[in-house]
Amino acid sequence: MSIVQNRKASHDYFIEQRFEAGIALEGWEVKAIRAGRAQLKEAYVIVSNGELFLIGSHISPLLAASTHVIPDPVRTRKLLLHAREISELIGSVERSGYTLVPLNLHYKGGRIKLEVGLAKGKKQHDKREAKKEQEWQREKGRLLKQTR
């Protein structure tokens, strides 16, 4: 079940491969995500020292959060993947010019997971072409519906 999606990602990038990663979260973050207070709009994933980190995701703290913890809504969060997946991603990012984009947060087996996409950036003409294709599919559906 999806919690929050990064809808802008499919508009700005060609998503070539998808990976499911765990996230190292604090207790107040889990409660806030379950309450639907997470945002991936400006988030991105970086590689540092052979590890992956999620930067720029905003998780708004609940008002009833613990009194002894000072919440940081945009802190850097570590992503948890298998070593071979991390090495594959690092190779693609460093050699092939790909970028890592967070696609969505979702539940799996009671845990919160992040879907990360290995993506290449779209040029402006690619975005216009995708928009035309989307409009054509919509128009085609309307025409088929009218003929029935």
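Up top you'll find the structure we're talking about.
Residues numbered from 1 in each chain as written. Predicted model: local features only at pLDDT ≥ 70, side-chain atom pairs only at ≥ 80, totals over all residues. Heavy atoms only, no water.

## Re empty space enclosed by the protein
Throughout the structure, instances matching the rule amount to one cavity of 30 Å³ or more. In this structure, the largest cavity spans a volume of roughly 50 Å³. As for the largest cavity, its lining consists of Ile23, Leu25, Ile33, Ala38, Gln39, Leu40, Leu54, Ser57, Ile59, Arg77 and Leu105. Taken together, the residues of the lining of the largest cavity break down into eight nonpolar, two polar and one charged. (1 Å grid on protein atoms, 1.4 Å probe; cavity = no way out; pocket = protein on both sides within 12 Å on 5 of 7 lines; lining within 4 Å. Points joined across faces, edges and corners; volume = space filled by probe spheres on them. Nonpolar A, V, L, I, M, F, W, Y, C, P; charged D, E, K, R; others polar.)

## Examining the nonpolar core
Formed by 27 residues in total, the largest nonpolar core has its most connected members in Leu52, Leu79, Leu81, Leu105 and Leu114. Every element with two or more residues in this core is listed here: β2 (13-23), α2 (27-34), β5 (51-55), α3 (83-96), β8 (99-108) and β9 (111-121). The contacts of Leu114, once residues within four sequence positions are left out, are Phe19, Glu20, Ala21, Ile23, Leu40, Leu54, Leu79, Pro102, Asn104, Leu105 and His106. (Core = buried A, V, L, I, M, F, W, Y, C linked by side-chain atoms within 4.5 Å. Buried < 20%, exposed > 50% of the residue type's maximum accessible area, 1.4 Å probe, protein only. Helix = DSSP H or I, 4+ residues; strand = E, 2+ residues; numbered from the N terminus. Contact = heavy atoms within 4.5 Å.)

## A look at the environment of Lys132
Among the secondary structure elements, Lys132 is positioned in helix α4 (residues 124-147). According to the relative accessible area criterion, Lys132 is exposed, its value standing at 60%. Considering only alpha carbons, one finds Lys132 and Val74, 58 residues apart in sequence, at a separation of 36 Å.

Nothing here speaks to function; it is geometry throughout.
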